[in-house]
Amino acid sequence: MSKFGFEAVSVISRREHAIAATAVESTHLHAGMGREQVMRMTAGMRQNFANVGLPYAFTDQGVVANTMDAHRVLAWCGSPEAQDKAVEVIFEGYFAQERAPNDRELLIEACVAAGKSEAEARAFLDDKNACRDQVQRELSEARGVRGVPHFVIRQPGRDPVQISGAQPPDVFERALQ
């Protein structure tokens, strides 16, 4: 039986986080693309999202931010089901509403969706050391990952299969056979 869960991955350096103010600027710095190239890529992403009925916003209004607290929230949520509920809120906030992934209120909403109380969420976020070691370990293990999402499929008796970046369903179907 397969187990699904989220682990921390960061493909944008601390330097890029410090320099870039918007998602467009960050993509430009990280990928080495010009603004026009970034916007063409974005049009393709918008279409990919639309193809599966999801909203997508990527403009100069969207901001990038350090994702440590979002990763801590996912680690704290525990079960894959709770993580899934929390990450849905975070992804909706980031990809559709252009909210920063470290927006405190967004993270509290994610915790509540995962079954935590608002008070528990606030206390957790106030404790900057909570789940930090686990996230740091996951980030260390993920060195070299170049695209997100990044999937590692582990099946008994088989070598792990890694799938990087947004891929069509048939790539996953082949990996799971």
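Look a little higher up for the structure.
Residues numbered from 1 in each chain as written. Predicted model: local features only at pLDDT ≥ 70, side-chain atom pairs only at ≥ 80, totals over all residues. Heavy atoms only, no water.

A. A look at unusual backbone geometry. In this structure, Glu98 takes a positive phi of about 55° despite not being glycine. Assessed through its relative accessible area of 16%, Glu98 is described here as buried. Phi at Cys131 is positive, roughly 65°, even though this residue is not glycine. Assignment of secondary structure puts Cys131 in the loop between α7 (118-126) and α8 (132-141). Its relative accessible area of 24% is what places Cys131 among the partly exposed residues. (Buried < 20%, exposed > 50% of the residue type's maximum accessible area, 1.4 Å probe, protein only. Helix = DSSP H or I, 4+ residues; strand = E, 2+ residues; numbered from the N terminus.)

B. Geometry of the packing of aromatic side chains. By the definition in use, this model includes seven aromatic pairs. Seen from their ring centres, Phe49 and Tyr56 are 4.5 Å apart, and the 45° between their planes marks the pair as tilted. For the pair Phe49 and Tyr56, one class covers both residues: buried. Arranged with centres 5.7 Å apart and planes meeting at 75°, the rings of Phe91 and Phe95 form a pair that is edge-to-face. Taken together, the residues span about one helical turn, with Phe91 and Phe95 both in helix α5 (residues 80-96) at a distance of four residues. The partly exposed category is assigned to Phe95, whose relative accessible area is 26%. Joined through ring pairs, the aromatic side chains of Phe49, Tyr56, Phe58, Phe91, Tyr94 and Phe95 make up one cluster. Above the face of the Phe124 ring, Arg72 is positioned so that its terminal group lies 4.7 Å from the ring centre. One residue, Lys116, lies across the ring of Trp76, its end atom 4.4 Å from the ring centre. (Phe/Tyr/Trp six-rings, centres within 6.5 Å; stacked < 30°, edge-to-face > 60°. Lys NZ or Arg CZ within 6 Å of the ring centre and 35° of its normal.)

C. Molecular detail of a negative patch on the surface. A cluster of acidic residues, Glu81, Asp84, Glu88 and Glu92, forms a negative patch on the protein surface. One can find Glu88 in helix α5. (Patch = residues over 30% accessible without salt bridge, like charges linked within 9 Å, V, L, I, M, F, W, Y side chains within 5 Å. Areas by Shrake-Rupley, 256 points an atom, 1.4 Å probe, with all protein chains shown as cover. Salt bridge = Lys/Arg side-chain N within 4 Å of Asp/Glu carboxyl O. Lys, Arg positive; Asp, Glu negative; His and termini not counted. Charge placed at Lys NZ, Arg CZ, Asp CG, Glu CD.)

D. The pattern of salt bridges, seen in detail. Applying the stated rule across the entire model yields eight salt bridges. Each of Asp69, Arg72 and Lys128 takes part in a single network of salt bridges with overlapping partners.

E. Focus on the nonpolar core. Among the nonpolar cores identified, the biggest contains 17 residues, and Val73, Cys77, Ala86, Ile90, Leu107 and Leu125 are the most heavily contacted of them. Where this core is concerned, the elements lending two or more residues are α4 (68-77), α5, α6 (104-113) and α7. Among all residues touching Leu125, those that are not within four sequence positions of it are Asp69, Arg72, Val73, Arg104, Leu107 and Ile108. Met33, Phe49, Tyr56 and Phe58 belong to the second largest nonpolar core, which has five residues in total. (Core = buried A, V, L, I, M, F, W, Y, C linked by side-chain atoms within 4.5 Å. Contact = heavy atoms within 4.5 Å.)

None of this, on its own, says anything about what the molecule does.
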